[in-house]
Amino acid sequence: MSIKQNLQNIKTLLPKHVALVAVSKTKPVNDLMEAYNAGQRIFGENKIQEMVNKYDTMPKDIEWHMIGHVQSNKVKYMASFVQLIHGVDNLKLLKEINKQALKHSRVIDCLFQIKIASEDSKFGMTSKEASEIVKSETFSELKNIRIVGLMGMATFTDDENQVKKEFNYLKDAFENLKLIKADNYQLNTISMGMSGDYQLAINCGSTMVRVGSSIFGARSYH
Ligand SMILES: *Cc1c(COP(=O)(O)O)cnc(C)c1O
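Read on for a plain summary of the structure. (Residues numbered from 1 in each chain as written. Predicted model: local features only at pLDDT ≥ 70, side-chain atom pairs only at ≥ 80, totals over all residues. Heavy atoms only, no water.)

For the rest of this paragraph, the subject is the pattern of salt bridges. Evaluation of the coordinates by the stated rule reveals seven salt bridges. Measuring nitrogen to oxygen at the nearest pair gives 3.2 Å for the salt bridge that ties K128 to E132. Here E132 and K128 lie together in helix 6 (residues 127-135), a separation of four residues that amounts to about one turn. Judged by relative accessible area, E132 falls into the partly exposed class, the value being 45%. Among the salt bridges present, the one from E175 reaches K171, with a minimum N-O distance of 2.7 Å. (Salt bridge = Lys/Arg side-chain N within 4 Å of Asp/Glu carboxyl O. Helix = DSSP H or I, 4+ residues; strand = E, 2+ residues; numbered from the N terminus. Buried < 20%, exposed > 50% of the residue type's maximum accessible area, 1.4 Å probe, protein only.)

Written out as structure tokens, the structure is:
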């Protein structure tokens, strides 16, 4: 099936309140343009340099989301245009994003990545660590970032109950963390669900799904 057809099929399954991030990592600009021409405007990449290259050549009404692990020293390359950074899991990174956003007189929206998978390899923090950051004095001084939600990646497994448990955990964390009040903190987004599990994620409260291979086909490398 074509990229356009894949997109249309997925969109018919998404409730109105759920945003679709088309995960285009490793895919050529031609493929992204096919999705763009079918109306898609949110694209997710996991490498900063690749995202910058695509940003440079593609139409400027695209929302670029950084969904991968972010190294502090590379934030500067995307600070002028990135719409949402999904993978923020420490205060040092948040301070660097704030610093670079300030240089461009912007406020950059971010999600806290919460570790929900049982695997060691996934990045993320506990919801306790998230709440400590939000309540810290340092955080209150970061005027050029705004935390708008949480992101999580479930364990890579066929065990649907396990995945469901992890999604429910993130939803609970969201409801609890939402109660904290701060100027640069306004939780409204739960980024969870990928090609294999986005429908389950939506049933568990996701408001933003990150779908790659179901739109663009399998990737030959990660
Ligand atoms: C690659 C990736 C996705 C998309 O994965 P698919 O299974 O191809 O839909 C979603 N989220 C993150 C963080 C990713 O790195």
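From this point, the narrative continues.
With six of seven residues buried, strand 6 (residues 145-151) lies mostly within the body of the structure. Pairing analysis gives six bridges linking strand 5 (residues 108-113) to strand 6, with the strands arranged parallel. Within strand 6, the residue paired with L111 across the bridge is G149. Where strand 6 and strand 7 (residues 185-191) come together, four bridges link them in parallel fashion. (Pairing = 2+ DSSP bridges.)

Before going further, it helps to examine the site of the ligand. Taken together, V23, K25, I67, M151, M153, M194, S195, R210, V211, G212, S213 and R219 are the residues near the ligand. Between an oxygen atom of the ligand and a side-chain N or O atom of S195, the distance comes to 2.5 Å. Within the contact set of the ligand, an oxygen atom lies 2.8 Å away from a side-chain nitrogen or oxygen of R219. The residue makeup of the shell around the ligand, split by class, is six nonpolar, three polar and three charged. (Near = heavy atom within 4 Å. Polar contact = N/O pair within 3.5 Å; in protein donor to acceptor, adjacent residues only side chain to side chain. Nonpolar A, V, L, I, M, F, W, Y, C, P; charged D, E, K, R; others polar.)

Bringing the side chain of E50 into the picture now. With respect to the element layout, E50 can be found in helix 3 (residues 48-57). For E50, the contacting residues outside a window of four places in its chain are S24, K25, T26, K27 and E45. (Contact = heavy atoms within 4.5 Å.)

Summed over the entire model, instances satisfying the criterion amount to three aromatic pairs. Between F43 and W64, the aromatic rings sit 5.8 Å apart at their centres with planes inclined by 35°, giving tilted as the arrangement. Separated by 21 residues along the polypeptide, F43 in strand 2 (residues 42-45) and W64 in strand 3 (residues 63-66) bring together distant segments of the chain. For the pair F43 and W64, one class covers both residues: buried. (Phe/Tyr/Trp six-rings, centres within 6.5 Å; stacked < 30°, edge-to-face > 60°.)

It is worth spelling out the packing of helix 6 against helix 8 (residues 160-177) at this point. Contact geometry of helix 6 with helix 8 gives a least axis separation of 11 Å together with a crossing angle of 25°. Here helix 6 lies roughly parallel to helix 8, going by the angle between them. Crossing of helix 6 against helix 8: the hand is right-handed. Only Y169, A173 and L177 of helix 8 make contact with helix 6, whose side of the interface consists of S127, A130 and S131. For the contact of helix 6 with helix 8, the residue count by class is four nonpolar, two polar and no charged. (Axes fitted to C-alpha atoms, helices over the stretch in contact; angles between N-to-C directions. Parallel < 35°, antiparallel > 145°, perpendicular 65-115°, else oblique. Left-handed = near helix turned anticlockwise from the far one by under 90°.)

Functional significance is not addressed by these values, which are geometric in nature.
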